Amino acid sequence: MNSALPSKAPHRLQPPRPLSEIALLSREERLAGRPKLCSDCGICTGDLRPLMAQSCVFVNNRAEEIERRLHGRNRHDGDELLFGIYRELHVFRMKPPVPGAQWSGAVTSLGALLLERGLVEGVITTGAVPGTRYAPLPILARTPDEVRATRGNKPCLAPTLDVLTQVRQAGLRRIAYIGTGCQVHALRAIEDQLGLERLYVIGIPCTDNTTYPDLQRFLQVVSRSPDTVVHHEFMQDFRIWLKHEDGSVEKVNFVDLDVARLGGEIGVFPPACLSCFDYQNGLSDLTIGYMGAPLPPDERWQWTLVRTERGVELFNLLRPYIEERAPISGGDRTRGMPAYIQMLRKPRRRPPWPIRQLVAFIQRRSGPKGLEFARSVIEMKLLRNLQFVRERHGRLERRIVPGYVYRALARYADVYRREFGCELQPPAR
Ligand SMILES: Cc1cc2nc3c(=O)[nH]c(=O)nc-3n(C[C@H](O)[C@H](O)[C@H](O)COP(=O)(O)OP(=O)(O)OC[C@H]3O[C@@H](n4cnc5c(N)ncnc54)[C@H](O)[C@@H]3O)c2cc1C
Ligand code: SF4
Ligand code: SF4
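Residues numbered from 1 in each chain as written. Chains lettered and ligands numbered in written order. Predicted model: local features only at pLDDT ≥ 70, side-chain atom pairs only at ≥ 80, totals over all residues. Heavy atoms only, no water.

Chemist: Whenever I open this one, the sheet that holds strand β7 (residues 239-244) confuses me. Can you help?
Modeler: Two modes of strand pairing occur in sheets, parallel and antiparallel, and in both the strands are linked by backbone hydrogen bonds. One open sheet accounts for three strands, arranged β6-β7-β8; its pairing is antiparallel. This sheet does not close on itself; its edge strands, each paired only once, are β6 (229-234) and β8 (249-253). Between one strand axis and the next, the sheet turns through 15° on average, direction left out of account. For β7 and β8, the ladder comprises five bridges, and the chain directions are antiparallel. Opposite Leu 242, over in β8, you have Glu 250 as the bridge partner. Strands β6, β7 and β8 of the sheet are contacted by helix α10 (residues 212-222), whose axis makes an angle of about 95° with β7. (Pairing = 2+ DSSP bridges. Helix = DSSP H or I, 4+ residues; strand = E, 2+ residues; numbered from the N terminus. Axes fitted to C-alpha atoms, helices over the stretch in contact; angles between N-to-C directions. Contact = heavy atoms within 4.5 Å.)

Chemist: So what exactly am I meant to see when it comes to the nonpolar core here?
Modeler: Nonpolar side chains in soluble globular proteins generally cluster together in the buried interior. Ile 43, Leu 164, Phe 218, Met 291, Trp 303 and Leu 383 are the most contacted members of the largest nonpolar core, which has 99 residues in total. Considering each element in turn, this core owes the most residues, 10 residues, to helix α15 (residues 371-392). Each of domain 1 (19-210 + 273-327) and domain 2 (332-428) gives at least three residues to this core. Counting residues in each nonpolar core, the second largest holds 26 residues, with Ala 106, Val 147, Ile 178 and Val 306 among its members. (Core = buried A, V, L, I, M, F, W, Y, C linked by side-chain atoms within 4.5 Å. Buried < 20%, exposed > 50% of the residue type's maximum accessible area, 1.4 Å probe, protein only. Domains from an automatic or database assignment.)

Chemist: I tried to follow the confidence of the model for the chain on my own but got confused; where do I start?
Modeler: Low pLDDT means the predicted atomic positions in that stretch should not be read closely. Summarising the model, the chain shows a mean pLDDT of 92, and 96% of its residues fall at 70 or more. With pLDDT under 50 throughout, residues 6-15 is counted as low confidence; its partners more than four residues away or in other chains account for 16 contacts. For this predicted complex, the interface confidence reaches an ipTM of 0.99, while the overall pTM sits at 0.94. (pLDDT = per-residue confidence, 0-100.)

Chemist: How should I be thinking about the site of ligand 1 in this particular structure?
Modeler: Around ligand 1, a shell composed of 32 residues is seen, among which Thr 108, Thr 126, Asn 153, Lys 154 and Tyr 279 lie nearest. At 2.8 Å from an oxygen atom of ligand 1 is found a main-chain nitrogen or oxygen belonging to Gly 105. Between Tyr 279 and ligand 1, the recorded distance is 2.6 Å, taken from a side-chain N or O atom to an oxygen atom. When ligand 1 is considered free in solution it has 920 Å² of accessible area, and contact with the protein chains removes 97% of it. Of all the secondary-structure elements, those providing two or more residues to the shell around ligand 1 are α6 (106-116), β2 (122-128) and β9 (286-289). Residue composition of the shell around ligand 1, by class: 15 nonpolar, 14 polar and three charged. (Near = heavy atom within 4 Å. Polar contact = N/O pair within 3.5 Å; in protein donor to acceptor, adjacent residues only side chain to side chain. Areas by Shrake-Rupley, 256 points an atom, 1.4 Å probe, with all protein chains shown as cover. Nonpolar A, V, L, I, M, F, W, Y, C, P; charged D, E, K, R; others polar.)

What follows is the structure, encoded as structure tokens:
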């Protein structure tokens, strides 16, 4: 294969383990020997480990440099600061929705179509470790059915880029890749060294990911019956919806979540995910998620941000199999941000049950909707994560926080200064 990669097996940071075993490890076992911030994207477990320094988003966030390569520019003011650069935004769903998919099944349908049409020879996608529902097992799918079988989220860290070793060993030159923002950053950073003729990058939004054992702890705290949860999602109505084996749906208000029982956010989310600034997977060809789409969930509307020319090609491939509707946007996210910033500085104790029910009711009734919901959640995560980096990994801020974060949050500079006593500006470079 014509690539800049070393031809010999390189030094590995730790003895290789099957990916199915890695998924089951605790955070401590899994990330032992890694830099402080690591989302286990798969670079350091496979043959690409020598390229870690140039690819890792937690060593050097190169998002804005890669944006310029992909688009010839950086993000414009407005929605692009939160959503990433895009040329089209659609609200759509597969017609009919795919049973068993996370939403309507657009992501796996697209991967399957690429193989069916002979546009790629393989798709990197994430199935489940046999015997589990949610422990992620990244695979190189060679047939449409293999891609379809990976439908549904496994909401845990997945070393998807490890599979590039198999791509290389199989001599594949045209592939599609499905993954999260930190993984796509690493892939884009070394794309030109992989000897590929064609690469399609299908992004999914991602935030607050976790390890498999921590996900199980989370479900135990949240659900009345953690072992029977077959699907769960943080919905746009400020509730977690957990679907059980018997078809019943349990709904838990965000404000009712007892995060303290999990050891706080830091107890359940890896430091890397709390230092992540690419919720919307800004370097993909297209990103397919749900958070900008309207409810109710059983209608399975999704949204996509089509970013590149190749993203347009991908969306056109899906077009005959989907139906579209107009996006909606309602409410005013900026109203709640000052209170959120105050709470970040001085976390409050969980209020009593009746007050929580009132807050949840008001959120559902008057909170942001549709695209405004997406803007609101992205802004909150950018701010929370910036503050986390400043407090815990301050020396890294210059390297791992991209410039668009400060531009996106600039409207809250006064509240931030008042609460934290410092500027919401990038450190001197
Ligand atoms: C941890 C996590 C958090 C997410 N948070 C949000 C969010 O806040 N807002 C939002 O809009 N969307 C979010 N998503 C994406 C969303 O839940 C759906 O995955 C997306 O809308 C695609 O739905 P679908 O029906 O088209 O996918 P399907 O056709 O069901 O396919 C799902 C695809 O997801 C891939 N996948 C599953 N688990 C992983 C994993 N751990 N790592 C990498 N790839 C994986 C599989 O390879 C598969 O190709 C998140 C996804 C994950 C994994
Ligand atoms: S995030 Fe990826 S590249 Fe960075 S240290 Fe972890 S495995 Fe390596
Ligand atoms: S939250 Fe960010 S760092 Fe963590 S897995 Fe998702 S994209 Fe990667």
